[in-house]
Amino acid sequence: MPPRNAARLYPLVLLLLAFVAFPLYWMASTSLKPQTEVFRVPPTFVPETWTLRHYVELFWLTDFGLLFVNSLKVCLVSTGLALVVGSLGAYALARFRVRGKEAYGRLVLLAYMFPGALLVIPLLLLFRQLGLTNSHLGLSLAYLTFAVPFVMWVMRDFFASVPVDLEEAALIDGASRLGALWDVVLPQAVPGLIATGIFAFLFAWNEYLFALILISDESLRTLPPGMMRFVSTTDTNWGLIMAASTLATLPMALAFGLIQRYLVTGLGAGGVKG
Amino acid sequence: MANVRIERLHKEFRGAGGIVHALADLTLDIADGEFISLVGPSGCGKTTALRIIAGLETPTSGRILFDGRDITRLEPRDRNIAMVFQSYALYPHMTVRQNLEYGLRKRGAPRDERARKVAAIAAMLRIEPMLDRRPLQLSGGQRQRVALGRALIRDPEVFLLDEPLSNLDAKLRVHMRAELAALHQKVRTTMVYVTHDQLEAMTLSDRIVVMNHGVMQQVGRPEEIYSRPANRFVAEFIGTPSMNMIEGQVRTEAGRPLFTGPGITVVLPRDAPQALPSSGRATLGIRPEHVSLVAPDAPGAIPARVTVSELAGPERFHFVAVEGGSIIVRTPAATVLHPGETVALGFDPDRLHLFDGTGEDAPALR
Ligand SMILES: Nc1ncnc2c1ncn2[C@@H]1O[C@H](COP(=O)(O)OP(=O)(O)OP(=O)(O)O)[C@@H](O)[C@H]1O
Ligand SMILES: [Mg+2]
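The written sequence of each chain sets the order in which its residues are numbered from 1. Here the convention is simple: chains get letters from A, ligands get numbers from 1, in the order in which they are written. Restriction of local features to residues with pLDDT of at least 70 applies here, the model being predicted, together with a cutoff of 80 or more for giving and counting side-chain atom pairs; totals for whole chains, interfaces and linings are based on all residues. Just so you know, side-chain values use all the structure's heavy atoms and leave hydrogens and water out.

Engineer: Could you give an account of the site of ligand 1, naming the residues involved and the relevant values?
Structural biologist: Residue and element names in this part refer to chain B. Whether a residue is near a molecule or strand depends on its heavy atoms: if one lies within 4 Å, it is near. For ligand 1, the full set of nearby residues is Phe 13, Val 20, Ala 22, Ser 42, Gly 43, Cys 44, Gly 45, Lys 46, Thr 47, Thr 48, Glu 163 and His 196. Lys 46 is positioned such that a nitrogen or oxygen atom in its side chain is 2.8 Å from an oxygen atom of ligand 1. Take Thr 47: an N or O atom from its side chain is 2.5 Å from an oxygen atom of ligand 1. Protein chains shield 63% of the accessible area of ligand 1, which is 630 Å² for the free molecule. Looking at the shell around ligand 1, the elements with two or more residues in it are strand E2 (18–30) and helix H1 (46–54). Any pair of N or O atoms that falls within 3.5 Å is considered a polar contact. Within protein, one atom must be able to donate a hydrogen and the other to accept it, and sequence-neighbouring residues count only if both atoms are side-chain atoms. The Shrake-Rupley method, run with a 1.4 Å probe, gives the accessible areas here. Residue values count only the displayed protein chains as cover. The helix count covers DSSP runs of H or I at least four residues long, the strand count covers runs of E at least two residues long, and both are numbered beginning at the N terminus.

Okay, here's the thing in structure tokens:
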């Protein structure tokens, strides 16, 4: 697009940005106001008095630290598993001549779109029998129901776009199938792995329903259901909740900062040069 | 180094569009150190044959033997072959050095051996200054050399090349062709070379295999293929411009074999075709350089009219119309003919080719 037209778009972009960013700003600024200022009418847009009290309280008075660590554990494990399992599946779908491959590929997409709300009760029953309720591993596995199909769906196109010649050259050079995948194909697909990995992570990080139902032990709780208790148990300390929300948003913000580059080249699949 | 025996190789591809017979009953012995080319039109199964030798494809039936060992079921990495791909297939995320080293690394060569071999190959192919660059930062010719180097560095028993020069511009191609010939002189590894550039095949090979529709048409030394094509397909495929073909009848008149086509009667040398086709249908072939311009009243002169004359460097190609169609005549550049001019043609009787019938693969009569 020529620069002149781009300039004309700026006001629109700014408007959109304000619309999206304002709640985030409000969250962050509220978390830095003292309790008395939070409810003042008319509201202050920039805190008059700055304070980190809510943050200190968050760590001293609540189990936020524990929730955060629990969440991090579950999300990292599920993301790691999803990348390994999903990539191998995607590779098979992209490369091997298997009967019914196309149908299977479509089934993967269907699995990805299947509403989680319908899955959670059957999963609960299944997990009870397997002893996987109240376990971080169990919750991680539950997240794979979404993350694996997602990784498979996106990575399939990535792998398909890596020239077969490269792999065959590696096979002739003395690599095994897996060796060729590891040495030659995966390095080409790194942008895709990063992008899908971050998406899988963010999904798990935000997930509420599975986390609420599959984990009842307070010491194992993850952030989204854990933070809900802040609303009901205290007489709703908004400053505290905003501080928690700000901290919980941080990994996402960081992730998106990292991902940006790859989103452009990455998710457009085929951005890999042969 | 090894000799290669290809035994009764068949390959079928089954797909949505039915069965494709990519290779049919290919049997071929390749001597140790030989440079052999597979040529043929697009889709004739050249790449398929090469991929089966490499182990990238399994044959439907048949065997491949290296020095008598049956390797048909071995994985590519267990065959000690090297392959140069048409696309070069250099690993884009590795430097030239890492590309060269990869095969050695996979076979567990120690660090100092790798360094030594990389240095030797880089010197031989003159790519030393580029060792730390990535493939994307190289020109086509340089990539080509790296691809050759990556294959050479492992001292393979058999060297497979699939149209390695086809992505290069014409000038570089001629240059690399010469380098490849020199390289083969030096390393003396068995090389199987796929190309559809017959000039490459002619200049580089000890022997040429001509294929069509998955079937081997002829195998032989370049001059043999050129001067004694086994059938009409080979005759027309090899040589540019291709051999003139005239369809007609053969009969014996007063004890002499006689070919008659539309407006053409050619007396065949008495000893040439031993067995005349029973049907009487035949195709007469003559290369453009074996057609000459003769006086109109010379015995057997064929009247023709010039349609186009093309200058091709030191020579000229004249397209002339005869009663039955068009004939190409090759002369020195000094021979100037003008469109519309009438000329008379004479065929060199010793260079006539006669084929049994008029089909695409009509066999040569000798
Ligand atoms: N994987 C495949 N699946 C189905 N058919 C195939 C496959 N590979 C090759 N073929 C078919 O087999 C035949 C021979 O193909 P091959 O690639 O060997 O031709 P080629 O002689 O190398 O041609 P070119 O000069 O165009 O490279 C073709 O008809 C092709 O369509
Ligand atoms: Mg080919």
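Engineer: Report on the pairing of strand E18 (residues 325–332) of chain B, specifying residues and quantitative values.
Structural biologist: All names here are of chain B. One ladder, built from eight bridges, connects strand E17 (residues 315–322) with E18; its direction is antiparallel. The partner of Val 320 across the bridge, within E18, is Ile 327. With antiparallel pairing between neighbouring strands as the criterion, E17 and E18 make up a hairpin whose turn holds two residues. Whether two strands pair comes down to DSSP finding at least two bridges between them.

Engineer: Give me helix H3 (residues 53–61) of chain A: which residues, what numbers.
Structural biologist: Residue and element names in this part refer to chain A. Three labels apply to residues, based on accessible area from a 1.4 Å probe with only protein chains included: buried if under 20% of the type maximum, exposed if over 50%, partly exposed otherwise in between. Among the residues of H3, His 54, Tyr 55, Glu 57 and Leu 58 are the ones counted as buried. All buried residues of H3 lie within an arc of 160° about the axis, which places them on one face of the element. Projecting away from the buried face of H3 at angles above 90 degrees are the exposed residues Arg 53 and Trp 60. As used here, the arc is the angular range of directions from the helix axis to the C-beta atoms.

Engineer: Talk me through the pairing of strand E8 (residues 190–194) of chain B; I want residue IDs and the actual numbers.
Structural biologist: Residues and elements named next belong to chain B. By the criterion of burial, E8 is predominantly enclosed, with five of the five residues buried. Of the two faces of E8, the one lined by Thr 190, Val 192 and Val 194 and the one lined by Met 191 and Tyr 193 are each fully buried. Pairing geometry for strand E3 (residues 35–39) and E8, over four bridges, is parallel. Bridge pairing links Leu 38 to Val 194 in E8. Here strand E7 (residues 158–162) pairs with E8 via five bridges, running parallel. In the sheet register, Asp 162 faces E8, and the bridge partner there is Val 194. Here the term right-handed applies to a crossover when the path leading from its first strand over the helix to its second strand runs clockwise, the strands being oriented away from the viewer. The parallel pair E7 and E8 is bridged by helix H5 (residues 170–187), and the resulting crossover is right-handed.

Engineer: Describe the UniProt feature "transmembrane region" (unreviewed entry) in chain A, with residues and values.
Structural biologist: All names here are of chain A. UniProt positions are given in the numbering used here, feature names are shortened, and annotations may be inferred rather than shown by experiment. Per the UniProt record, the feature "transmembrane region" (unreviewed entry) sits at residues 12–32, 52–69, 74–94, 106–125, 137–155, 192–215 and 236–259. Structurally, residues 12–32 is divided into 95% helix and 0% strand, and its ends, taken at the C-alpha atoms, are 30 Å apart. Helix makes up 90% of residues 106–125 and strand 0%, with an end-to-end C-alpha separation of 27 Å.

Engineer: Which residues make up the packing of aromatic side chains, and what values go with them?
Structural biologist: Centre distance within 6.5 Å is the pairing criterion for rings of Phe, Tyr and Trp, where only the six-membered ring of Trp is used; planes under 30 degrees apart are then read as stacked, over 60 as edge-to-face, and the remainder as tilted. Taken as a whole and assessed by the stated rule, the structure comprises 20 aromatic pairs over all chains. Between Tyr91(A) and Phe96(A), the aromatic rings sit 5.7 Å apart at their centres with planes inclined by 85°, giving edge-to-face as the arrangement. With a relative accessible area of 32%, Phe96(A) lands in the partly exposed category. Here the aromatic residues Tyr112(A), Tyr143(A), Phe146(A), Phe150(A), Phe199(A), Phe203(A) and Phe210(A) are joined through ring pairs into a cluster of three or more. The ring of Tyr91(B) is capped by Arg150(B), whose NZ or CZ atom sits 4.6 Å from the centre of that ring. Remark: a charge is flagged as sitting over a ring if the NZ atom of Lys or the CZ atom of Arg is within 6 Å of the ring centre and within 35 degrees of the ring normal.

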